[in-house]
Amino acid sequence: MADAQMKNAFFLGLDSSTQSLKAVLIDSSFRVQGETAVNFDRDLPRFGTEGGVHRHADGLTVTSPALMWVAALDLLLDRMRDGRWPLNRVAAVSGSGQQHGSVWLVRGARQVLNRLDPGLPLEKQLEGIFALRDSPVWMDSSTTAECREREEKMGGAQRVADITGSRAYERFTGNQIAKIFKRQPDVYGKTERIALVSSFMASLLTGDYAPIDMSDGSGMNLLDIRRRAWDRLAMDVTSPNLAEKLGEPSPSHAVVGRIHGRYAKAYSFSPNCFVIAFSGDNPCSLAGLRLQKVNDAAISMGTSDTMFASIGTPRPSGEEGHIFVNPVDPEAYMAMLCIKNGSLTREYVRDMAASGSWDEFNRKLESTPPGNNGNIGFYIREPEITPPILKTGVYRFDGAGRSVEAFDPAAETRAVVEGQFLAMRLHARKIGISAEKILATGGASSNRSILKVMADVFGVPVYVAEQANSAALGAACRAFHGWLCAMKGSFVPFAAAMEGAPEFQMAFRPEPAAHRTYDAMLERYEELEKRIPKK
């Protein structure tokens, strides 16, 4: 029965990111049938955001108006309906949300959600359900005191990481909750449910409180990633009665409800349309890039460079990186690290050494040998996340390990690219990532000269993902996967569910001689990295 229904079905993925709400519609062959988006700044100017957020005067607090996400959903659905999307054939919908953001709902909000009216805008119906009108988001860094308190009470940064997958981070939701409990006890007292952005958007579609999924819940410093349950000590050091306000976490592939009748009447969704647990944007990107096997890895090269992978045994670090519950395999984990000095740093070197031309940059890069004649550079233009380096600066070392003021332009181009990938390889190893293949995505993945260095440094084949919006696409793939599990009545491996998806294109295989050069170079790179001033 599932196979027959699948042929005519569509699957919808939503991505509530920092700056926009996107939608991707796929068919059962994973071909994209529609894409649209609402940009918060441009399409909803009445909320007064810049880049989708409000930056507060203290320079640390960053929030977004929760009601803006409500208004964006109606506008997005209007555009899908006006574009004649076949919403009546959508069998399941799932979604992605920016990680770590929290939405605070007052007592009685559940009843308001239950009674959604198809004849009225969501914004008008839901404007009174928020205990906190402005939601803390991932860019907020105002909870350093709460982070230090968490690590002290739980036995140190490594102990926090061992339990929750990450040391205490300012943006993580548990530390935001602790701050609001201490500084705004009235808000905490009148809150009935604390949702993540992902589970809140799912709640809008089901007309009921949707659970936090285990993968996105791993970004809270609250979930025991091995037991897949809230950790009692982590909860106790955050705030009282927190479990009641969070609800029980859900498997990522679970059906959390059927779509509310409002959407059937207003937008022609089938009343039988499943809502699959929404997850975070990074977990959904893992799904969209189909990293379904242990040691499948992706490198996303954008403003920041992010590496993430499916892994078996978790190895959390009390210094860097994150371990999440895997969003597509309930027995596996997802490891992730972020290099803040990514594309903007490469552009800095391009402008400095190649007259602002990528063609010239690539020619210079290709004119230098792997290993760069021993020259190694560290380009810390912004305070770095991995490894944690607060002091900015450019640090160059020649083949003898001597600090030098500058390289020649060609060596400069290779130093920045090799340095970024050596850092990724070194620190990925520390959190258990051992890539067997890499899928490259993001803006810089179109640069073949850079991809060749990536393949040689890691010593594995590099593939290219051509589809943009990997988080929204991943949400659509997860909608299909969750629907298939529900129809079969048992868990279906994600790899089996994705068998009909198109193959990614291989860009490069590593050159053995070049990889041996980088193997020999890695230990020296690690020693030089220790010489960089951290603060």
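This text goes with the structure placed above it.
Being a predicted model, the structure only gives us computed values, none of them experimental. (Residues numbered from 1 in each chain as written. Predicted model: local features only at pLDDT ≥ 70, side-chain atom pairs only at ≥ 80, totals over all residues. Heavy atoms only, no water.)

(A) Structural context of the overall build of the protein chain. Helix and strand content of the protein chain: 22 helices and 25 strands. In terms of overall dimensions, the protein chain is globule-like: its C-alpha atoms have a radius of gyration of 23 Å, near the 24 Å expected for 535 residues. Overall, the C-alpha framework of the protein chain stretches about 70 × 55 × 45 Å when taken along its three principal axes. Residues counted as buried form 61% of the 535 residues belonging to the protein chain. Contacts spanning at least 24 positions in sequence make up 73% of the contacts within the protein chain whose residues lie at least 6 apart. Only carbon and sulfur atoms are counted for the fraction: they give 48% of the accessible area of the protein chain, which is about 20,400 Å². Taking the average location of the 62 positive side-chain charges in the protein chain and that of its 62 negative ones, the two points are 2 Å from each other. (Helix = DSSP H or I, 4+ residues; strand = E, 2+ residues; numbered from the N terminus. Rg over C-alpha atoms; globule rule 2.2 N^0.38 Å. Buried < 20%, exposed > 50% of the residue type's maximum accessible area, 1.4 Å probe, protein only. Contact = heavy atoms within 4.5 Å. Areas by Shrake-Rupley, 256 points an atom, 1.4 Å probe, with all protein chains shown as cover. Lys, Arg positive; Asp, Glu negative; His and termini not counted. Charge placed at Lys NZ, Arg CZ, Asp CG, Glu CD.)

(B) Region of interest: the pattern of salt bridges. Scanning all chains against the criterion turns up 29 salt bridges. The shortest N-O distance in the salt bridge between Glu 149 and Lys 182 comes to 3.3 Å. One end of the pair, Glu 149, is in helix α6 (residues 144-154); the other, Lys 182, is in helix α8 (residues 173-183), and 33 residues separate them in sequence. The salt bridge involving Glu 527 is made with Lys 530; its shortest N-O contact spans 3.5 Å. The exposure class assigned to Glu 527 is partly exposed, which follows from its relative accessible area of 42%. Taking the relative accessible area as the measure of exposure, Lys 530 reaches 54% and is therefore exposed. Each member of the salt-bridge network shares a partner with another, and the members are Glu 146, Glu 149, Lys 153, Lys 182 and Arg 183. (Salt bridge = Lys/Arg side-chain N within 4 Å of Asp/Glu carboxyl O.)

(C) Structural detail: the sheet that holds strand β9 (residues 134-136). The strand order across the open sheet built from three strands is β4-β5-β9, with neighbouring strands paired in antiparallel fashion. Of all the strands in the sheet, the pair left with one neighbour each is β4 (54-55) and β9. (Pairing = 2+ DSSP bridges.)

(D) Structural detail: the sheet that holds strand β10 (residues 191-196). With respect to topology, three strands assemble into an open sheet ordered β8-β7-β10, the strand pairing being antiparallel. The open sheet terminates on both sides in strands that have one partner only, identified here as β8 (130-132) and β10. Strand-to-strand twist across the sheet, computed as the mean angle between neighbouring axes with direction ignored, equals 40°. Pairing analysis gives two bridges linking strand β7 (residues 102-106) to β8, with the strands arranged antiparallel. Residue pairing across strands places Leu 105 opposite Phe 130, the latter belonging to β8. Packing against the sheet, α8 makes contact with β7, β8 and β10, and its axis sits at approximately 45° to β7. Sitting on the sheet, helix α10 (residues 197-206) touches β7, β8 and β10, and the angle it makes with β10 is about 110°. (Axes fitted to C-alpha atoms, helices over the stretch in contact; angles between N-to-C directions.)

(E) Inspection of the packing of aromatic side chains at higher detail. Taken as a whole and judged by the stated rule, the model has eleven aromatic pairs. Ring centres of Trp 358 and Phe 361 lie 5.0 Å apart, and the angle between their planes is 75°; this geometry places the pair in the edge-to-face category. Taken together, the residues Trp 358 and Phe 361, both in helix α17 (residues 358-366) and three residues apart, mark about one turn of the helix. Using a relative accessible area of 30% as the deciding quantity, one classes Trp 358 as partly exposed. Three or more aromatic residues link up through ring pairs in this structure, and these residues are Phe 11, Phe 30, Phe 480 and Trp 483. Over the aromatic face of Tyr 169 sits the side chain of Arg 167, whose NZ or CZ is 4.0 Å from the ring centroid. The ring centre of Tyr 348 lies 3.8 Å from the NZ or CZ of Arg 381, which sits over that ring. (Phe/Tyr/Trp six-rings, centres within 6.5 Å; stacked < 30°, edge-to-face > 60°. Lys NZ or Arg CZ within 6 Å of the ring centre and 35° of its normal.)

(F) Representation of α6 in the model. Among the residues of α6, those classed as buried are Glu 146, Cys 147, Arg 150, Glu 151 and Met 154. Viewed along the axis of α6, the buried residues span an arc of 135°, placing them on a single side of the element. (Arc of directions from axis to C-beta.)

(G) Structural detail: the side chain of Gln 98. Looking at the element boundaries, Gln 98 is found in the loop between β6 (90-97) and β7. Overall, the relative accessible area of 1% leaves Gln 98 in the buried class. Apart from residues no more than four positions distant in its own chain, Gln 98 is found in contact with Ser 16, Ser 17, Thr 18, Trp 69, Val 137, Trp 138, Val 197 and Asp 281.

(H) Spatial organisation of the nonpolar core. Formed by 84 residues in total, the largest nonpolar core has its most connected members in Leu 246, Met 307, Phe 421, Met 454 and Phe 458. Among the elements that line this core, the one with the most residues is helix α18 (residues 409-430), at ten residues. The residues contacting Phe 421, other than those within four sequence positions of it, are Met 301, Ile 450, Val 453, Met 454, Val 457 and Phe 458. Counting residues in each nonpolar core, the second largest holds 54 residues, with Ala 23, Val 70, Leu 77 and Phe 130 among its members. (Core = buried A, V, L, I, M, F, W, Y, C linked by side-chain atoms within 4.5 Å.)

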